[in-house]
Amino acid sequence: MNAQSLFASAAINIGLALITIFLFSILKKQPSNAPIYYPRRLSDRHPIPIPHPRHQNWCCSALLRFLPSVSWIPQAFRVSEDEILQTSGLDALVVIRLFKFGINFFVACSLVGLLVLLPVNYSSPCGPSKSSHSMDSFTISNISRGSNRLRGSIAMALLPPIYSGLKPCSEEWTLCSHLMVAGCALGSYVGFGFIFHAYALYHFMDCTYYISEYNEILMRRTQQLRNIRHQPALFTVLAREIPLCSEHKTHGYLEKLVELPVAFVTFKYRWGAALAAQSQQHPDPLLWITEMAPEPRDVLWKNLATSYRYLPLQNLVVFIAASLLTVFFAIPVTAVQGIAKFEKLKKWFPPAMAIQLIPRLRSVVTGYLPSVVLKGFIYVVPFAMLGMANLAGCVSRSKREIKCCSMVFYFLMGNVFFLSLLSGSLLDEIGESFSNPKNFPSRLAGAVSAQADFFMTYILTDGLSGFSLEILQPGLLIWDFIKSHTYSRGKEKVPYLYSVPYFRVIPFVCLSILIGMVYAVVAPLLLPFLIGYFFFGYAVYINQIQDVYETVYETCGQYWPYIHQYIIVAIIFMQITMIGLFGLKSKPAAAISTIPLLLFTILFNEYCKIRFLPTFYRCSIQNAMENDELDEKNGLLEVNYENAHNAYCRSFLRPQEEKNSPPESSSTQPLVTST
């Protein structure tokens, strides 16, 4: 891919994004499109900013409705985190904080990358000869082996993070100033590489900053649990694999039903439910398995029929299916890389030379088309993974989507990132890579440098075109048009209300963070595009969370540990890549010195699992007792208990005989009662 292909991709993506944004701003003002762009406001009976025909200034407003504007973007940046937490819950806030992390991290990295690393790369007097990769002169590939620019004091490079660890500061800008001074003083590429290592580790591994970040999420989780303390899930325990009792078979109405070894047990006090959910109830760990019940609206009732003993087998089937999908997806990824590498494409497919006959068509084909084709293929992946996660027997929507998040992220990391590197840069050396696995880091490093231009076009397409289509909702517009002119003509429109697609948003954003972390040192020119990606995504999803998506369930931030895991994986992958790069540049001492950072990353991740992870999956007895005492003071304990008792009683599951039976009948009494 040459420079013209890169510029063609940027021009097309920016142009389409501007057209889509202007079209969205016009369509959003039309009253007929309110069920598409304001479904949440309509369902919550909130006013929408669309003037009514009876309004006194309606004529002037009618003209303004057809003028494009971008006023929704600054409005999105004025929304505070407390507003999001209050209206949409902690899960939605976690997504927004993920975008905010990307903004803070890559803005700080860009200052060092563009002002220090980029000039060092481009001004290298002894770089390799010009190749077909347009970004080689801006990457580490432009510095030859053994260059003086690769020499430097590793100890001096490690001084900034040591200083930051001794005098912790939570502001990225203060740290960045230390890194800038140290980087200019070092004047060596190894130093700059370690500066980026130090910054990545500092931002997510400096104990003081990252513990404060995790503590803030935990504090918000505790506060959110207190705000929603009236929810039935806090009083209820889901018990599975309950031994069947022969006494129940004596009742005639049960003979017509299939009795499931599952029960929702409601407790009068929250601390009793928390204690029962976290205790082993039977000597056999496969009997009386208890956990905190999901919210009534979060329960997947059909999956309650799945036996707990069969879950490992179902998970194995899901793993095999996901692996087959990953292998199958290697075909389109390889084809996409074949399009991007036009010189190789001409050798494999000679008729492709006809593209050169049309002026500038080659730039469009090799620059814009590969990322669009790849984005089109991977668009269906989250929905396919969601169906597979449903086969795993998850008892709640939240668990199903969390499982789907992990499946999609590792799929994207394996196919979109890793396989793109292999198929694009090492297609002729795959056999040699497998026969010499010890050379894997070096080959990976070389592949990363060669694929910088492709991932720049991918970020452009995913950020500009992807987020633009997310906010425009073209599928719903077409479907609404068809409905309005066919079988729903003349009927009142129903809002198109959907939940936040966490399984689709989080993996793709974390993939962009992975790409950015790896290329922060290798190709700093990619960083400004990532900043635009996260700024635009932040504005888009603030708008969608406020006006479009509804809160279907609330896990109180259980997505955060998975986001932490994905970013830790990105840091580890970056460090492995840097080990290979330093090896390629004949700097074994620098490569060896990176290994302790890699080990520290793994150790810090283990520490976070011990220190923070249990709080996200277990209920604190102390907090439960405090909430109970607060309800007792307000006289709400009995009311909340009755609401929790009735929330999981689904009337359509009861036979008519049970509904008409007298209250004193034993058939309507719970198996477990509070004492």
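Preceding this paragraph is the structure being described.
Residues numbered from 1 in each chain as written. Predicted model: local features only at pLDDT ≥ 70, side-chain atom pairs only at ≥ 80, totals over all residues. Heavy atoms only, no water.

## Brief notes about the overall build of the chain
If you tally the helices and strands in the chain, you get 31 helices and three strands. By residue count, 51% of the 675 residues in the chain fall in the buried class. Counting contacts in the chain only where the partners sit at least 6 residues apart, residues at least 24 apart contribute 82% of the total. In the structure as shown, the chain presents an accessible area of about 31400 Å², 64% of it carried by carbon and sulfur atoms. (Helix = DSSP H or I, 4+ residues; strand = E, 2+ residues; numbered from the N terminus. Buried < 20%, exposed > 50% of the residue type's maximum accessible area, 1.4 Å probe, protein only. Contact = heavy atoms within 4.5 Å. Areas by Shrake-Rupley, 256 points an atom, 1.4 Å probe, with all protein chains shown as cover.)

## So, the pattern of salt bridges
Evaluation of the coordinates by the stated rule reveals 19 salt bridges. A salt bridge links Asp-631 to Arg-229, with the shortest nitrogen-to-oxygen separation between them at 3.1 Å. Of this pair, Asp-631 sits in helix α29 (residues 621–634) while Arg-229 sits in the loop between α12 (207–227) and β1 (236–240), and the two are 402 residues apart along the sequence. Its relative accessible area of 1% is what places Asp-631 among the buried residues. (Salt bridge = Lys/Arg side-chain N within 4 Å of Asp/Glu carboxyl O.)

## Observations concerning the nonpolar core
One finds Phe-417, Ile-506 and Tyr-519 to be the most contacted residues of the largest nonpolar core, which totals 122 residues. Top contributing element to this core by residue count: helix α24 (residues 502–522), with 17 residues. Each residue touching Ile-506, except ones within four places of it in the same chain, is listed here: Val-95, Leu-98, Cys-405, Tyr-559, Ile-563 and Tyr-566. Counting residues in hydrophobic clusters, the runner-up holds nine residues, among them Ala-233, Leu-238, Val-299 and Tyr-648. (Core = buried A, V, L, I, M, F, W, Y, C linked by side-chain atoms within 4.5 Å.)

## Remarks on a nonpolar patch on the surface
Taken together, the side chains of Leu-313, Leu-316, Val-317, Phe-319, Ile-320 and Leu-324 make up a nonpolar region of the molecular surface, amounting to roughly 620 Å² of accessible area. Structurally, Ile-320 can be placed in helix α14 (residues 311–340). (Patch = residues over 30% accessible without salt bridge, like charges linked within 9 Å, V, L, I, M, F, W, Y side chains within 5 Å.)

## Examining the packing of aromatic side chains
A full pass over the atoms with the stated rule returns 31 aromatic pairs. Seen from their ring centres, Phe-467 and Tyr-533 are 5.0 Å apart, and the 45° between their planes marks the pair as tilted. Placement of Phe-467 in helix α22 (residues 452–472) and of Tyr-533 in helix α25 (residues 527–547) is noted, with a sequence separation of 66 residues between them. Among the residues examined, Phe-467 registers a relative accessible area of 6% and is labelled buried. Judged by its relative accessible area of 3%, Tyr-533 is buried. Through pairs of rings, three or more aromatic residues link up here, namely Phe-99, Phe-101, Phe-105, Phe-106, Phe-467, Tyr-533, Phe-534, Phe-536 and Tyr-541. (Phe/Tyr/Trp six-rings, centres within 6.5 Å; stacked < 30°, edge-to-face > 60°.)

## Focus on the sheet that holds β1
Judged by pairing direction, the sheet is antiparallel, and its three strands sit side by side in the order β2-β1-β3 without closing on themselves. The open sheet has two free edges, formed respectively by β2 (262–266) and β3 (289–292), since each of these has just one partner strand. Geometrically, the sheet is characterised by an average inter-axis angle of 25° between neighbouring strands, direction not taken into account. Here β1 runs beside β3; their pairing, made up of four bridges, is antiparallel. Bridge pairing in β3 places Val-237 opposite Met-292. Where helix α13 (residues 270–277) meets the sheet, its contacts fall on β1 and β3, and the angle it forms with β3 comes to roughly 135°. (Pairing = 2+ DSSP bridges. Axes fitted to C-alpha atoms, helices over the stretch in contact; angles between N-to-C directions.)

## Observations regarding the pairing of β1
When you tally the buried positions in β1, you get five out of five residues, the bulk of the element. Side chains Thr-236, Leu-238 and Arg-240 of β1 all project onto a buried face; the interleaved residues Val-237 and Ala-239 project onto the opposite face, where all are buried too. Here five bridges tie β1 to β2, and the two strands are oriented antiparallel to one another. Each bridged residue has a counterpart across the sheet, and for Val-237 the counterpart in β2 is Val-265.

## Structural notes on the side chain of Thr-290
With respect to the helices and strands, Thr-290 occurs in strand β3. Owing to a relative accessible area of 15%, Thr-290 belongs among the buried residues under this scheme. Here Ala-276 takes part through its backbone oxygen, which lies 2.9 Å from a polar atom of the side chain of Thr-290. Separated by 3.4 Å, the side chain of Thr-290 and the backbone oxygen of Ser-279 make a polar contact. Discounting residues that sit within four places of it in the chain, Thr-290 has contacts with Val-237, Leu-238, Ala-239, Ala-276, Ala-277, Ser-279 and Gln-281. (Polar contact = N/O pair within 3.5 Å; in protein donor to acceptor, adjacent residues only side chain to side chain.)

## Here we look at the packing of α13 against α29
Running from N to C, α13 and α29 cross one another at 160°; their axes reach a closest spacing of 7 Å. With respect to α29, the element α13 is oriented roughly antiparallel. The element α13 and its partner α29 pack so that their crossing is right-handed. Together, Arg-270, Trp-271, Ala-274 and Leu-275 of α13 and Ile-621, Ala-624, Met-625, Asn-627, Asp-628 and Asp-631 of α29 make up the contact between the two elements. Partitioned by chemical class, the residues of the contact of α13 with α29 number six nonpolar, one polar and three charged. (Parallel < 35°, antiparallel > 145°, perpendicular 65-115°, else oblique. Left-handed = near helix turned anticlockwise from the far one by under 90°. Nonpolar A, V, L, I, M, F, W, Y, C, P; charged D, E, K, R; others polar.)

## Some remarks on unusual backbone geometry
Residue Arg-45 is not a glycine yet carries a positive backbone phi of 60°. A relative accessible area of 76% places Arg-45 in the exposed class.

## What to know about helix α17 (residues 369–378)
Within α17, burial applies to Pro-370, Ser-371, Leu-374, Lys-375 and Ile-378. One side of α17 holds all its buried residues, which, seen down the axis, span an arc of 130°. (Arc of directions from axis to C-beta.)

## Section: the environment of Leu-118
Relative to the elements of secondary structure, Leu-118 occurs in helix α7 (residues 90–122). Once the C-alpha coordinates of Leu-118 and Pro-524 are considered, the two residues, 406 residues apart in sequence, prove to be 6.2 Å apart.

## Considering the state of the cysteines
Each disulfide consists of a covalent bond between the sulfur atoms of two cysteine residues. Applying the stated criterion to the full structure yields zero disulfides. Residue Cys-404 stays outside any disulfide, its sulfur separated by 6.4 Å from that of Cys-405, the closest cysteine. Left unpaired, Cys-510 is separated from the closest cysteine sulfur, that of Cys-405, by 8.3 Å. Given the relative accessible area of 2%, Cys-510 is considered buried. (Disulfide = S-S within 2.5 Å.)

## With respect to the environment of Cys-109
With respect to the helices and strands, Cys-109 occurs in helix α7. Linking Cys-109 and Val-521, residues 412 residues apart in sequence, is a C-alpha distance of 9.2 Å.

## Describing the side chain of Asp-462
Mapped onto the secondary structure, Asp-462 falls in helix α22. Within the local environment of Asp-462, its side chain forms a polar contact with the side chain of Tyr-533, the two groups lying 3.3 Å apart. Ignoring sequence-local partners within four residues, the contact set of Asp-462 consists of Lys-375, Phe-467, Phe-508, Ser-512 and Tyr-533.

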